[in-house]
Amino acid sequence: MKLVVAEKNDAAQQIARLLCDTGKPKSDKVYNTPVYRFEHEGDEWVTIGLRGHILEPNFPPEMHYRKRGGWFGVTEEGEMLPCEVPQSLPTPPFESKRRPYLADGISIKSWNIASLPYLVWAPVEKLPAEKEIIRALKNLAKKADFVIIGTDFDREGELIGSDALTQIREVAPHVPVSRARYSAFTKREIDHAFSNLVELDQDLADAGDSRRYIDLIWGAVLTRYLTVAKRSGFGNTRSAGRVQTPTLALVVERERERMSFIPEDYWVINGIATSGDDEFKIAHANNRFTNGDDAQAAFTACNGVTPGTVVEVIKRERKSNPPAPFNTTSLQAAAAAEGISPARTMRLAESLYMDGLISYPRVDNTVYPSSLDLRGVVLALKSVPAYADACDSILSAPKLHPTRGKQETTDHPPIYPTAAANPDDLQPAEWKLYNLIARRFLATLMEPAVIEGTKFKITIANELFQASGDVLKVAGYRGVYPFGLKKDEQLPALEKGDEVSIKKVELAQKQTEPPARYSQGKLIQEMERLGLGTKSTRASMIERLYAVKYLKNDPVEPSQLGIAIIDALQTYAPHITSPQMTSQLEQDMTKVAEGGDTQSSVVSHSRALLAEMMEGLIEHTEDLGASISDAVTADARVGTCPQCGKDLVLKSSAKTRGSFIGCMGWPDCDVTFPVPSNVRIDALEGSAAVCPECGAPRIKCRPFRGKAFEVCVNPACPTNQEPDVVVGTCHVCAEQGRTGELIAHKSEKTGKRFIRCTNYEECGTSYPLPARGELHATSDRCPDCGAPMVEVQTARGPWKLCPNPECPSKEKSTRCSVKSTSKKTAAKKTTTKKTTSKKTKAQKTAAKKVSATTVKKSS
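Worth saying up front: this structure is predicted, and the values here are computed from it rather than measured.

Caption draft 1: Representation of the overall build of the chain within the structure. Scanning the chain for helices and strands turns up 23 helices and 35 strands. Here the C-alpha coordinates of the chain stretch approximately 95 × 75 × 75 Å along the principal axes. Counting every position in the chain, which comprises 859 residues, the buried fraction comes to 49%. Summed over all atoms, the accessible surface of the chain reaches about 43100 Å², with 48% contributed by carbon and sulfur. Separation of charge centres in the chain, based on 113 positive and 106 negative side chains, amounts to 6 Å.

Right, dumping it as structure tokens:
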């Protein structure tokens, strides 16, 4: 048996489908992990998908010291891990007996400033993150006579494959192992990869491991330091990291430039002229007047004058060359300009890649390899009606001359479409991104566009004005790739000496603008230029900065807390915010990938850099805590207390660890409000921040998935009230000879919604309801548990569901859609059903006998 190890379950399924010689692969399970069995070239094959990294690096909970052996880590299982700790750090016995100090060592599990110098040098162990998958992998490895690592070909993929191989070697030390490298899930690409196997690149895997170790150490030490330096009850972990902090510093520096910018007054004179039925804009030739008197004099001279004379007509043609092929950064920038954030772009691109529609989306390359069948790709895209004309034009050329970017690598080709897609089979956002990629690919194979620029110079009472416009004379590549194209500004056909009529002239005073904030796309490009992060990590790094509330809005704006943290770090440890230091570490990791350095050397060097910086930070802990104190409170502020006028802030409960909104005037003022669960909360500004009905703050809630919504924090506010809805009769009461009605109700105290029987104290029947969406009663009952079916109206349409969380039907589906799903979604659901475990007849019978026991919830 030949075993193929893929990075994800979807990849394992795709590889099995593409390699299978007869029929379809057979879906199976080893323990609880899906696998796919098939025949290829007369042999039995099986593919198994991991779930990304199956091993996670972490610190042991304690470090101990012996005079002879020095420092060592101790795992929870009691295993000793060697480590190198500088002699300058104090050794036991310590004066203090309180944690983190131990009799013969130090605890690094608890977040404490005193433990941080030791945490910098703590050993790192790899722990199983996916025990079930590892168990299944080892089971298959024992039976395999050949293993092929088929994870993604990049640092992360090579590391995932290397970790899988480590687990395989524990049970099959002598089994032959090879590596398959591919860039797309197409028949041709997969056949070529598995016919030309290579060795796993351990240097590349070590480079990926170096990054994980360094990011763990830096992230843990800096995050713990910033969080502990200024403790608060607001429940916010103040995150920091090797790449994250310099990236935040870029945004803060741009904001500082904006804040220090001194605007200057200037004046412009604009107008509208007509020629026959044509109307066009004109502007004074001076463009900007820096002297108000001069501007007023020019305006007075031409104001009210209706005739104008064309004194010069200038026409020039210029070429607009086709763009270079997409790599990860340029795709993220282009998608951001179309309203798709970099992080979402990568999630969508990953989905398209797994569906076999685009090539591998994490690449630096911008030059198509000679082995890529460009004509074949164009022929495939021709079946998409929107691309047919462009494809015919490209295929009519005797030879294709694709554009070339500045970056050329040999690992993967630039991002290109690998198959034709049907918009009806994709979600709107997926099609939007696919359409961008497909049109970009076609554009790289087409001729330049020709743009004709026209400029008129017009005199009005001896004052010179001008009008200009661009016209796409030869569409070229712009015929298929309109993104970023300025709208044509057609001008009338005028010649020198022609007269025009001046409809109006206006004088306006303006001010110079500060430097523009970064868009997310521009920030990604700046990170690449400075060597911050990698193509795979930059988007997630920006998303992380938003999640911890250091950034807000788009264009990107730093929060008060983000500015305060960068200001404090630049005062006490400026190197942490410097892109040069992070860029140097990136170069060190590249040397590991190329075999020019070792993982242990690079990690040790990064520890030394961090230790040097932490000395200054720990010395100024109180100063740093004080400098971010006001920002911490401001970051948690959501509004003004309607009772005492002090700040209402987001707090966390020491008992429940849950969040709530409380007054800073506590204990004198005990005003508190609950907050919606499973959402990110942002404060509103201006009039929108105060509820017009009750005066309590209004907040913006951002669900992980779904549209953001605004709500008053006061559950008793009229805007939050909902009428009770009778959804049916209680079947539990009916079985016991009573009559009880089930009523959908929203609590005025907690804001939670639920269905409860009018005889609740006797029968205990209560069901939770979704937090949002208009409720409607139906006449239907759940066939599995007898609870009343309800309809919830959401932005996506009406959904019919059984509210009973213990209903046996929950094993099959959490809710039933009234709305029809897309073909792709239906296909995915069919696949999912095929891979789920089959229940025995006895199990099904037992499930039907499950009582509709209800969940008691207090109001």
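Caption draft 2: Here's a closer look at the confidence of the model for the chain. Across the chain, the average pLDDT comes to 87, with 92% of residues at 70 or higher. Considering only residues more than four positions removed or in separate chains, one finds that residues 813-859, a stretch of pLDDT under 50, has 63 contacts.

Caption draft 3: A look at the packing of aromatic side chains. With the rule as written, the count across this model stands at 14 aromatic pairs. Between the aromatic rings of Tyr481 and Phe483, the centroid separation amounts to 5.0 Å while the plane-to-plane angle is 70°, which identifies the pairing as edge-to-face. Grouping residues by exposure puts Tyr481 and Phe483 together as buried. Taken together, the aromatic side chains of Tyr182, Phe185, Tyr353 and Tyr360 make up a single cluster linked through ring pairs. Cation over ring: Arg254 sits above Tyr518, and NZ or CZ is 4.3 Å from the ring centre. Arg288 extends its terminal NZ or CZ atom over the ring of Tyr266, reaching a point 4.1 Å from the ring centre.

Caption draft 4: Representation of the environment of Tyr101 in the model. If you trace the backbone, Tyr101 turns up in the loop between β8 (80-82) and β9 (105-107). Along the chain, Tyr101 and Ala114 lie 13 residues apart, while their C-alpha atoms are 8.4 Å from each other. Residues in contact with Tyr101, not counting those within four places in the same chain, are Phe94, Ser96, Ile106 and Ala114.

Caption draft 5: The arrangement of empty space enclosed by the protein in detail. What the rule picks out here adds up to 1 cavity of 30 Å³ or more. Contributing to the lining of the largest cavity are Glu7, Lys8, Ala11, Asp152, Glu350, Tyr353 and Met354. Sort the elements by how many residues they give to the lining of the largest cavity and helix α10 (residues 342-354) lands first, with 3 residues.

Caption draft 6: Up close: the sheet that holds strand β21 (residues 637-640). Read from one edge of the open sheet, 4 strands run β21-β22-β23-β24, paired in antiparallel fashion. Looking along the sheet, the strands with just one partner apiece sit at the ends: β21 and β24 (672-674). Put simply, the sheet's adjacent strands are angled 30° from each other on average, direction ignored. With 5 bridges connecting them, strand β22 (residues 647-652) and strand β23 (residues 659-663) associate as antiparallel partners. Looking at the pairing, Val649 lines up with Gly662 of β23. Running at roughly 75° to β21, helix α19 (residues 621-636) makes contact with β21 and β22 of the sheet.

Caption draft 7: How the structure looks around the side chain of Thr444. Its location among the elements puts Thr444 in the loop between α13 (428-443) and β16 (449-460). The class of Thr444 is buried, set by a relative accessible area of 0%. From its side chain, Thr444 meets the backbone oxygen of Phe441 in a polar contact 2.5 Å long. Those residues within four positions of Thr444 in sequence are excluded, and the remaining contacts are Pro323, Ala324, Pro325, Tyr368, His401, Pro402 and Thr403.

Calculation notes
- Starting from 1, residues in each chain are numbered consecutively following that chain's sequence as written.
- Restriction of local features to residues with pLDDT of at least 70 applies here, the model being predicted, together with a cutoff of 80 or more for giving and counting side-chain atom pairs; totals for whole chains, interfaces and linings are based on all residues.
- As a rule here, side-chain values cover all heavy atoms of the structure and leave hydrogens and water aside.
- Helix and strand labels come from DSSP, where a helix needs a run of H or I of at least four residues and a strand needs a run of E of at least two; each type is numbered from the N terminus.
- Burial status follows relative accessibility: with a 1.4 Å probe on protein chains alone, a residue under 20% of its type maximum counts as buried, one over 50% as exposed, and anything between as partly exposed.
- Only the protein chains shown count as covering a residue, and every accessible area follows the Shrake-Rupley method with a 1.4 Å probe.
- Positive residues here are Lys and Arg, negative ones are Asp and Glu, while His and the chain termini are left out of the count.
- Where a charge lies is defined by one atom per residue type: Lys uses NZ, Arg uses CZ, Asp uses CG and Glu uses CD.
- Think of pLDDT as the predictor's per-residue confidence, scored from 0 to 100.
- Residues count as neighbours in contact if any of their non-hydrogen atoms are within 4.5 Å of one another.
- Aromatic pairing here means that ring centres of Phe, Tyr or Trp (its six-membered ring) are within 6.5 Å. Orientation follows from the plane angle: under 30 degrees is stacked, over 60 is edge-to-face, and everything else is tilted.
- Whether a charge lies above a ring is judged from NZ of Lys or CZ of Arg, which has to be within 6 Å of the ring centre and within 35 degrees of the ring normal.
- Buriedness for pockets is judged along seven lines, at least five of which must meet protein on both sides within 12 Å for an open set on the 1 Å grid over protein atoms alone, while cavities are sets there where a 1.4 Å probe fits but cannot get out, and lining residues have an atom within 4 Å of a point.
- Grid points are joined across faces, edges and corners, and a volume is the space filled by probe spheres set on the points.
- Should DSSP find at least two bridges between two strands, the strands are regarded as paired.
- Only C-alpha atoms enter the line fits that serve as axes; for helices the fit covers just the stretch in contact. Angles between N-to-C directions range over 0 to 180 degrees.
- Under this definition, polar contacts are N or O atom pairs within 3.5 Å; protein pairs additionally need one hydrogen-donor-capable and one acceptor-capable atom, and for neighbouring residues in sequence, both atoms have to be side-chain atoms.

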